[in-house]
Amino acid sequence: MGAREEAKIQSRECAQDELHEQRQEVARLLALPEIARSNNLVRLLSFICDKYFAGEIDDIREYTIAVEAFGRKPNFDPHADSIVRVTARLLRKRIADAYATGGAPNFQLVLPLGQYVPNFIRVSSAHPEYQKATPDNGNFLGTVSDTLPDASSGGREETDHDLIPPDRCRAANDELAGRPAGGIPRPAVIQGIDVLRSTPSHQSLILRRSSLIAVTVLAAALIFWLGRQTIIPRELSTGPRAVIPHPFEAGALIIPAGQAFFYHASDGPGYTDQSGTLWQPLPGCNGGEMFHRPDREISGYRDSSLFQDGRSGQFQCKVPVPAGKYELQFLFAQTSHYAEAGHDVELRINGEDHQIINVADEAAGQARVTARIVTDVEPEADGSIHIESLTNDSFLNALVILPSIPAHMRPIRFIAAPKPYLDRLGRLWLPDEFFFNGTADRRAFPTAGAPDSGLFLWERYGHFSYLLPVVPGYRYTLRLYFSEGWFGPTKWHPGGTGSRVFDVYCNGESLLKDFDISKEASPKNEAVIKEFHNIVPTAQGKIELSFIPVKDFPLINAVELEQEPPGTQR
C-alpha cells in the first residue's frame, strides 16, 4: 500500500474518531446542570451542533437560530429581538466556567465572539494551557493554538481510546493536502441538495479537490433534476401556474401536468412560502374586499403570511382548469376580532354544492388554520370551477386544486421537516400542517434500519396536536412514524427504555398508552411505524391527534392518512 493510500485511511479513521469525540463532548455539555436547566441554552447548543455535524454551516445564522430553534416568527427582526445574542453570550460564559472548573476532555467547544458556528479544539493533558478557559464576561475562551501538540516531544500518549495520535493525523493531512494541518477541517457544505438527502453524511472531513468537483457536479445535476421533478413551482407566470408532477407515484396518484394549482385569495403578487411552494393570486374574482392583518400570529401552519391576507364579503371567482375531476382544499384562519360570535362562511361551488364552515369552531380556536376538502368537482361548460361567497361574513385565505382520485380523498403525508421530501417510492411528503404547539427539530443521527431514512430526519416534539381535515362519512387508515433521536448510547443523551414515554389519542380515543419508542425499537431497526384502521372523523371532517407526555416530551417524525375504500373497514 502506497503512502498516499495509507494516508487516506489514516485520515478517514482520524476524522471518524474525532467526530465521535466531539459528539461526546457536546452530549457532556448538554448534560451539565448549569446548561441543562435552561431550555434556551439547550436549544441553542443543540441547534448549532446539529447543523455543524450535518455539514450545514451556512444555516448557523442568527435568523435561522431564532426561527428554527427559538420558534420566532418568519418576520423576526434581530434589531428588535436580541434573544439569540443574549443566549449565546450566556452559553459562552457557562461553557467557559465548565472548562475552568473541571474536566479535561480531548476536545473543547469554543463559540467565538460574534459567531455561532462552534469550533472544536483538541487539548492535551500534558499541555494545560490548551485546557484553561479564560472567560471575559463569558464572551470567549482563551486563545488556543491551531497546531497540535507533538507526541514525540512530550505530548499526550496514544491510548486505546485515541487509536490514531495527533501527529499521525497531521502527517495524513500533509500527505493529502500538501500542507500542515491546523486541525481537521469542517465538513464541506453543498448547497441545494438537503431536501432529498436521506441521512446526514458523515463522510471524511478532508476532501480532495477532484472529489469536491465531482460532488459539485453531482449536486448541480441533482438540483436540475429536482427542478424538473418536484411538484413545487419555481417561477412566477402571468397565467395560472400548475405544479409539475413528481413522476413515480403509481396509478391514480400521479398528478398530470397542468392539473394542480396553488392560489392565495388576495390580489397581491405571487407568493412563495417557506417550503418553496408558489401561490398565485386566485383568478377570475370580483366583488368582496381584500383584507390584510399582518399583526395576527397564525397557528397550525409554518408560514403565517398566507393567512394574514384574503378576500372577504360576497365575491365570485371563475377558476379555469382543464377537463377532469378535482379535489378542492379551501384554507382558512379566522383573524377578525368579531369571530367569537360564531359567524359562518358560506361558499357555493358550481351553483350547487353548498358549504357552510364555522372556521373558528372547526379550527378549535381563532387564528388557527383549518381546511374544508371537497372531492369530485368538475369544471362547468366554460372550463372553469365557479366559487361563490354568499354572505358578508364569508372569507377565504387560499385554495389548492388537485386532480381527484376516483371516490377517494388524496392521501395526507406529512413530515416534520420544513421542505418537501420524495421517498424511495417517489411519494411526496409535505412539511407538516394543521399542527398546534410543539417544536420541529433536525436530527443529528440517522435512523438505523429505517425503510426510508429520510422520513426520520426531522421530528416534532413537545406537548402538541394535529387537527387534520378529511372528507366526512368515510373511514381512514392512519400510520404514525417514530424513531428515538435523543436518548440512547449513540445519541445526545444516555438512556434507553423508559426515558421517553407518552400517550397518543385520536378524537379523544386512546391509540397508544404509555408508548415507549426505545422499548419497541431495536439497534438494527430504530424505526417504529404504528398503523391503525377504521379511524372515524368528526361530523365536521376532522381527525385530531393529541400527543400527551408521561415522561419527557412526545415526538413524531411523520404522519400518513389514507381513506379506506368502502367495504374494507376492519
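What counts, and where the lines are drawn
Residues numbered from 1 in each chain as written. Predicted model: local features only at pLDDT ≥ 70, side-chain atom pairs only at ≥ 80, totals over all residues. Heavy atoms only, no water. Core = buried A, V, L, I, M, F, W, Y, C linked by side-chain atoms within 4.5 Å. Buried < 20%, exposed > 50% of the residue type's maximum accessible area, 1.4 Å probe, protein only. Helix = DSSP H or I, 4+ residues; strand = E, 2+ residues; numbered from the N terminus. Disulfide = S-S within 2.5 Å. Pairing = 2+ DSSP bridges. Salt bridge = Lys/Arg side-chain N within 4 Å of Asp/Glu carboxyl O. pLDDT = per-residue confidence, 0-100. Contact = heavy atoms within 4.5 Å.

Draft legend 1. Spatial organisation of the nonpolar core. In terms of nonpolar packing, the biggest core is built from 48 residues, with Y466, L478, L480, F482, L545 and F547 touching the most fellow members. It is strand β22 (residues 476–482) that contributes the most residues to this core, 4 residues altogether. Of all hydrophobic cores here, the second largest spans 39 residues; its members include V42, C49, I95 and Y116.

Draft legend 2. Representation of the state of the cysteines in the model. Throughout the structure, instances matching the rule amount to 1 disulfide. C285 shares a disulfide with C317; S-S distance 1.9 Å. Between C285 and C317 the sulfur-sulfur dihedral comes to about 110 degrees; the bridge is accordingly right-handed. With C285 in strand β6 (residues 285–292) and C317 in strand β7 (residues 309–320), the pair connects residues that are 32 residues apart, well separated along the chain.

Draft legend 3. Region of the structure containing the sheet that holds strand β20 (residues 458–461). Taken together, 3 strands build an open sheet; the order of strands is β19-β20-β27 and the sheet is antiparallel. Only two strands of the sheet have a single neighbouring strand rather than two, namely β19 (439–442) and β27 (555–556). Alignment of β19 against β20, held across 4 bridges, turns out to be antiparallel. Considered in β20, the bridge of T439 is made with Y461.

Draft legend 4. Quick peek at the pattern of salt bridges. Summed over all chains, the structure comprises 26 salt bridges. Two residues, R28 and E25, come together in a salt bridge whose shortest N-O distance is 2.9 Å. Taken together, the residues R28 and E25, both in helix α1 (residues 3–31) and 3 residues apart, mark about one turn of the helix. Among the salt bridges present, the one from D552 reaches R500, with a minimum N-O distance of 3.5 Å. Placement of the pair is D552 in the loop between β26 (542–551) and β27 and R500 in the loop between β22 and β23 (501–506), with a sequence separation of 52 residues. For D552, a relative accessible area of 38% puts it in the partly exposed group.

Draft legend 5. The confidence of the model for the protein chain, seen in detail. Looking at the protein chain, pLDDT values average 75 and 71% of them are 70 or higher. When the elements of the protein chain are averaged for pLDDT, helix α7 (residues 209–229) gives the smallest value, 40, and β22 the largest, 97. Counting contacts from residues 172–254, a segment whose pLDDT is below 50, to residues more than four positions away or on other chains yields 159 contacts.

Draft legend 6. Region of the structure containing the sheet that holds strand β8 (residues 326–333). Judged by pairing direction, the sheet is mixed, and its 6 strands sit side by side in the order β4-β5-β3-β14-β8-β11 without closing on themselves. The sheet is open, and its two borders are formed by β4 (271–272) and β11 (369–377), each paired with just one other strand. Sheet topology places strand β3 (residues 261–264) next to strand β5 (residues 278–281); 2 bridges connect them, and they run parallel. Across the sheet, the residue bridging to Y263 is Q280, located in β5.

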